[in-house]
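Structure assessment
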Amino acid sequence: MTNHWCDIENADSIMIIGSNAAEHHPISFKWVLRAKDKGATVMHVDPKFSRTSARSDFHVPLRSGTDIPFMGGMINYVLSNKLYFKEYVANYTNAAFIVGKDYKFKDGLFSGYDAKTRTYDKSKWAFELDDKGVPKRDPSLKDPRCVFQMLKKHYSRYSLDNVSKTTGVSKENLLKVWKTFAATGQKDKAGTIMYALGWTQHTVGVQNIRTSAMLQLLLGNIGVAGGGINALRGEPNVQGSTDHCILWHILPGYLPVPKASMPSFDAYTKATTPVSHDPESANWWQHKPKYMASLLKSWRGDNATAKNGFGYKMLPKADDGVDYSYLFLFDRMYKGEIRGGFVFGTNPAQSVPNSNKTRKGLDNLDWLVVGELHHTETSDNWHRPGIDPLKNKTEVFLLPSAQRAEKAGSISNSGRWLLWHYEACKPMGQSRSMGNMYVDIINRVRELYSTKNGAYPDPILTLDWPSFYDAEDVAQRINGRFTKDVNFKGKKYKKGQQVPSFVALGDDGSTSSLNWLYAGSYTEEDGNKAKRRSLAQTPMQAKIGLFPNFAWCWPVNRRILYNRASVDANGKPWAPQKAVIEWNGKGWEGDVPDGGWPPNATGKGRYPFIMRKEGHGQLYGPGLQDGPFPDHYEPVETPITSHPFSKQLSSPCYKSVKSDMDKLAEPGDKRFPIVLTTYSMTEHWCGGGETRNIPALLEAEPQLYVEMSLELAKEKGIANGDAVIVESIRGKVEAIAMVTVRMTPFKIKGKIIHEVGMPFCFGWTTKGVGDATNRLTPAVGDPNTTIPEYKASLVNVRKADKLTELE
Ligand SMILES: Nc1nc2c(c(=O)[nH]1)N[C@H]1C(S)=C(S)[C@@H](COP(=O)(O)OP(=O)(O)OC[C@H]3O[C@@H](n4cnc5c(=O)[nH]c(N)nc54)[C@H](O)[C@@H]3O)O[C@H]1N2
Ligand SMILES: Nc1nc2c(c(=O)[nH]1)N[C@H]1C(S)=C(S)[C@@H](COP(=O)(O)OP(=O)(O)OC[C@H]3O[C@@H](n4cnc5c(=O)[nH]c(N)nc54)[C@H](O)[C@@H]3O)O[C@H]1N2
Ligand SMILES: [Mo]
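Residues numbered from 1 in each chain as written. Chains lettered and ligands numbered in written order. Predicted model: local features only at pLDDT ≥ 70, side-chain atom pairs only at ≥ 80, totals over all residues. Heavy atoms only, no water.

In an α-helix, one turn spans 3.6 residues; hence positions three or four apart end up facing the same way. Between the first and last C-alpha of helix H10 (residues 205-218) there are 21 Å, a value that for 14 residues agrees with the 20 Å anticipated at 1.5 Å per step. Backbone geometry just after H10 places glycine 220 at a positive phi near 65 degrees. (Helix = DSSP H or I, 4+ residues; strand = E, 2+ residues; numbered from the N terminus. Expected span 1.5 Å × (residues − 1).)

A cluster of nonpolar side chains, Phe342, Trp367 and Phe397, forms an exposed patch at the surface whose accessible area comes to about 280 Å². Following the sequence through the fold, phenylalanine 397 ends up in strand S14 (residues 395-400). (Patch = residues over 30% accessible without salt bridge, like charges linked within 9 Å, V, L, I, M, F, W, Y side chains within 5 Å. Areas by Shrake-Rupley, 256 points an atom, 1.4 Å probe, with all protein chains shown as cover. Salt bridge = Lys/Arg side-chain N within 4 Å of Asp/Glu carboxyl O.)

So, on to the packing of aromatic side chains. For the structure shown, the criterion picks out 39 aromatic pairs. Note on phenylalanine 342 and tryptophan 367: the rings are 6.0 Å apart at their centroids and 85 degrees apart in plane angle, and the pair reads as edge-to-face. Of the two residues, phenylalanine 342 sits in strand S12 (residues 340-344) while tryptophan 367 sits in strand S13 (residues 367-372), which places them 25 residues apart along the sequence. Owing to a relative accessible area of 32%, tryptophan 367 belongs among the partly exposed residues under this scheme. In this arrangement the basic side chain of lysine 317 is found over the ring face of tyrosine 312, its NZ or CZ atom lying 4.8 Å from the centre. In this structure, arginine 559 packs its charged tip against the face of tryptophan 417, placed 4.7 Å from the ring centre. (Phe/Tyr/Trp six-rings, centres within 6.5 Å; stacked < 30°, edge-to-face > 60°. Buried < 20%, exposed > 50% of the residue type's maximum accessible area, 1.4 Å probe, protein only. Lys NZ or Arg CZ within 6 Å of the ring centre and 35° of its normal.)

Moving on, we come to the site of ligand 1. Surveying the vicinity of ligand 1 reveals 30 residues, the closest of which are Asp46, Gly65, Asp67, His684 and Cys686. Between ligand 1 and the protein, one listed contact pairs a nitrogen atom with a backbone N or O atom of valine 45 at 3.3 Å. At 2.6 Å from an oxygen atom of ligand 1 is found a side-chain nitrogen or oxygen belonging to aspartate 46. When isolated, ligand 1 has an accessible area of 910 Å², and the protein chains bury 95% of it. Mapped by element, the contributors of at least two residues to the shell around ligand 1 are helix H1 (21-24), helix H9 (197-200) and strand S27 (674-679). (Near = heavy atom within 4 Å. Polar contact = N/O pair within 3.5 Å; in protein donor to acceptor, adjacent residues only side chain to side chain.)

Turning our attention to the packing of helix H4 (residues 67-80) against H10. Between two packed helices, both the angle of their axes relative to each other and the distance between the axes serve to describe the pair. In contact at an axis separation of 9 Å, H4 and H10 are set at 15 degrees when each is read in the N-to-C sense. The angle between H4 and H10 places the two elements in the roughly parallel class. Crossing angle aside, the handedness with which H4 passes H10 is left-handed. Contacts between H4 and H10 involve Asp67, Ile68, Met71, Met74, Ile75, Val78 and Leu79 from the former and Gln207, Asn208, Thr211, Ser212, Met214, Leu215 and Leu218 from the latter. Of the residues belonging to the contact of H4 with H10, the class tally is nine nonpolar, four polar and one charged. (Axes fitted to C-alpha atoms, helices over the stretch in contact; angles between N-to-C directions. Parallel < 35°, antiparallel > 145°, perpendicular 65-115°, else oblique. Left-handed = near helix turned anticlockwise from the far one by under 90°. Contact = heavy atoms within 4.5 Å. Nonpolar A, V, L, I, M, F, W, Y, C, P; charged D, E, K, R; others polar.)

Turning next to the domain arrangement of the protein. Many descriptions give the size of an interface as the accessible area lost when the pieces come together. Here the protein is partitioned into domain 1 (248-319 + 481-518) and domain 2 (655-799). Between the C-alpha centres of domain 1 and domain 2 there is a distance of 45 Å. (Domains from an automatic or database assignment.)

Taken as a whole and assessed by the stated rule, the structure comprises three cavities of 30 Å³ or more. As a volume, the largest cavity reaches approximately 120 Å³. Lining the largest cavity are 18 residues; nearest its centre among them are Lys187, Lys189, Val224, Trp574 and Ala575. Per-class residue counts for the lining of the largest cavity are ten nonpolar, four polar and four charged. By volume, the second largest cavity is sized at about 70 Å³. Taken together, Tyr326, Leu327, Phe330, Val352, Pro353, Asn354, Lys357, Thr358, Val657, Asp662 and Ala779 make up the full set of residues lining the second largest cavity. Secondary-structure elements contributing two or more residues to the lining of the second largest cavity are helix H14 (326-334) and helix H16 (355-363). It is H14 that contributes the most residues to the lining of the second largest cavity, three residues altogether. Broken down by class, the residue content of the lining of the second largest cavity amounts to seven nonpolar, two polar and two charged. (1 Å grid on protein atoms, 1.4 Å probe; cavity = no way out; pocket = protein on both sides within 12 Å on 5 of 7 lines; lining within 4 Å. Points joined across faces, edges and corners; volume = space filled by probe spheres on them.)

Near ligand 2 you find 28 residues, and of these Thr346, Ser351, Glu372, Lys407 and Asn774 are the closest. Residue serine 351 places a side-chain N or O atom 2.7 Å away from an oxygen atom belonging to ligand 2. Contact with the protein chains covers 89% of the free accessible surface of ligand 2, which is 920 Å². Looking at the shell around ligand 2 residue by residue, the class counts come to eight nonpolar, 14 polar and six charged.

This part is about the UniProt feature "domain: Molybdopterin dinucleotide-binding" (unreviewed entry) in the protein. Here the UniProt-annotated "domain: Molybdopterin dinucleotide-binding" (unreviewed entry) positions come out as residues 675-792. The span residues 675-792 carries 11% helix and 30% strand; its end-to-end C-alpha distance comes to 6 Å. (UniProt positions renumbered as here; feature names shortened; annotations may be inferred.)

All right, on to the pattern of salt bridges then. One pass over the structure, following the stated rule, counts 41 salt bridges. Taking the shortest distance from any N to any O, the salt bridge between aspartate 107 and lysine 106 comes out at 3.7 Å. Ionic pairing is found between aspartate 363 and arginine 384, a salt bridge with its closest N-O pair at 2.9 Å. Of this pair, aspartate 363 sits in helix H16 while arginine 384 is found in the loop between S13 and S14, placing the two residues 21 residues apart along the sequence. Here arginine 384 falls in the buried class, since its relative accessible area comes to 9%. Here the salt bridges do not stand alone but share partners, grouping Asp331, Lys335, Lys357 and Asp662 into one network.

The next thing to look at is the layout of surface pockets. Here the second largest pocket is characterised by a volume of approximately 440 Å³. Every residue lining the second largest pocket is counted, 20 residues in all, and those nearest its centre are Trp5, His25, Ile27, Pro236 and Asn413. Put simply, the parts of the chain that give the lining of the second largest pocket at least two residues each are helix H2 (26-37), helix H11 (238-243), strand S15 (409-412) and strand S16 (417-421).

The next point concerns the pairing of strand S30 (residues 732-739). With four bridges joining them, strand S28 (residues 705-708) and S30 adopt parallel strand pairing. Across the sheet, the residue bridging to tyrosine 705 is isoleucine 736, located in S30. (Pairing = 2+ DSSP bridges.)

The subject of this paragraph is the sheet that holds strand S8 (residues 191-195). Spatially, S3-S2-S1-S8-S9 is the arrangement adopted by the five strands of the open sheet, whose pairing is parallel. Of all strands in the sheet, those with a lone pairing partner are strand S3 (58-60) and strand S9 (229-231), marking the two edges. In this sheet, neighbouring strand axes are inclined to one another by 20 degrees on average, regardless of whether the strands run parallel or antiparallel. Here three bridges tie S8 to S9, and the two strands are oriented parallel to one another. Each residue of the ladder has a partner; that of methionine 194, found in S9, is asparagine 230. Each of strand S1 (13-17), strand S2 (41-45) and S8 is contacted by H2, which is oriented at about 145 degrees to S1, the strand it contacts most.

Pasting the structure below:
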């Protein structure tokens, strides 16, 4: 989230799009309802009517996978009706930048496309530079090659007609949302966008989110109270896990994973550190070498020195151009290229797409370690229905794991707040926390390496590794320490003391930090700030409910990101009644500003978007794999055979894995005419491995169902409560028909298209509840993140005659 939960209360307009916030993020909804009580309009744009829709002012159903037309149409509406915030757009976004002559867009493709590799040469999208290497600009925004004019041209294709016939949303509904939300382009108004999986789980997932960044920049809604783009994160602590590198391509603090083409520390920093030639651009990532050096130092302590590149050479490197995300991981497993592995706190046999293949892939493992609270479809894959357990070769080690309440540690919420939780009781029986198990396991591996000598012992033996697990100690290491006595900002710190903030981190080996973004969370002065629970705030902070003394927030306790964009060049807030920061002539008041420089009018300021190389919010984003402007592409499996208003039907660069089990339905495949979307539910959690073992929750939601409209049910001769078979080109699933007005058919290009929806939490280890919905879904992913397209694929539905899974 650019903002945080309590801040939603400050919004005048709230668009919830691609999320069922009331059911899956009930805490966020408390603040949504407070805003509503104060007069905000709440809108829910979602294929399905849910509890979120019920509490919104209006619900607008749209066909899954058509959010870019919906948002592109709104961008067009804002531009053609001049509803954007002119001063903000001209100064704080890249609207004035001149795009190079190589950039072109035709028939749904951008310039630089290579059909063989299905990738773009992004250098074709670069800005035109002046002789100092700074992008050229036209502050009047009139140059036909400036971003603003390009943007206008690109989205002029997103007319009301085109958008309506693509999304299935009536023109009246489109205008209702566009008009309400666009009204926040006023200086003193703010609108927020709340999204989650309905946006991300598509082959255009990242571009969906880009549309919100562009719209919010046009309306001047980034950096302000009640504004922003608010990603409602998933699994408790998915925010913390991403910050600390659960994804294969990032190290803690969003530092890129080393690649084979970066053999040394210097090569790594050279390849990954952006350089700006504009003195007014803070270009914050220029500090990357300090953060990387401190990370390496915290991994290897005294064994990491400037001379040995901080031990960088000992790190494993990812092969260039190879995707290690789980679509590809399970593909490699299926192809027999992986022998064993560890699975902690996840149930991939249930939650990864194309489960029939995933489960066969797991069969190929010689050994599997599962850290779990329960038996799941993953731990018990070796004896799943339909296979002979005696022929399954996998040796499974089930490590009983402590439950959340049985361990201390931190959780980072969606608003980037770091919150400590305490151990409520000791772990039951032999169960232990994951940290505890890992420290023990690695210490035993070290012992083996030091006594038996392995092939390459150095990376293990040189680790600065604790002898036992202590969450408090890990929290301190995450913040980081001085590795020698230093003077920092007039204060003396001794070797081993905590660093006060990331500004103290160096690239000379003088500091360690397991995550630069968290530096400042655990200091000498204040101790563990995740434990803070003070509601104290200044009168200015109280106006917007900033709560700076409650817990701690990354980075540097800044609660609203890009807040320098909430003020004009003199440091005066656009919206004085809900100011985030304000310049008092000597310093900033309110939130921690995005950089402490004085206002831009003094000539000593910096542009507000400090994490961007050029310092400006990106209306034009040349860094993504699939184009600088989002354009509509149909889901890979689509019920229509040609693009409603362009030529390129599906994303030209979506990712996919190829095997005999990865079949895809053709566009408009007559055998599978219905759109399937999948989702979570209130009563269960994700793959259900935990909640199916809680009797009251299972009683509340006991079986797999498929939600369908009255119209579809009638067409198929299905009654509410009937058992049905849902079938895709990859597999079939038994479910109970839930015939409901919550789902509606869509009129797309003059034709009726039906959509059904299913939860994915039921699995065979719980008797009679049904089995993995993901046996239906395809292993295709977004070109930037490889997140699978769980939210739109093709199926058919028919009445079942005999049941096995639901009995
Ligand atoms: N009770 C409960 N809470 C949870 C979870 C749980 O399982 N149970 N899971 C947690 C996790 S890990 C996560 S990631 C989050 C997920 O939180 P959400 O994103 O809210 O979860 P979903 O139910 O997957 O999808 C949200 C909505 O997207 C809609 N949708 C589907 N396709 C589209 C589309 O193409 N466009 C648009 N605009 N909307 C679409 C669906 O109808 C659904 O209402 O929730 C977390 N919270
Ligand atoms: N079709 C479809 N598939 C999806 C999605 C979708 O919307 N549609 N959503 C995707 C998303 S966003 C997510 S996050 C994934 C989630 O899918 P999974 O990652 O498979 O998530 P869970 O089902 O929550 O599995 C977590 C497991 O961890 C165990 N567990 C709980 N607490 C602890 C603990 O403290 N220690 C240990 N060791 N184990 C513990 C639980 O018993 C449970 O079995 O599913 C993805 N799959
Ligand atoms: Mo998630």
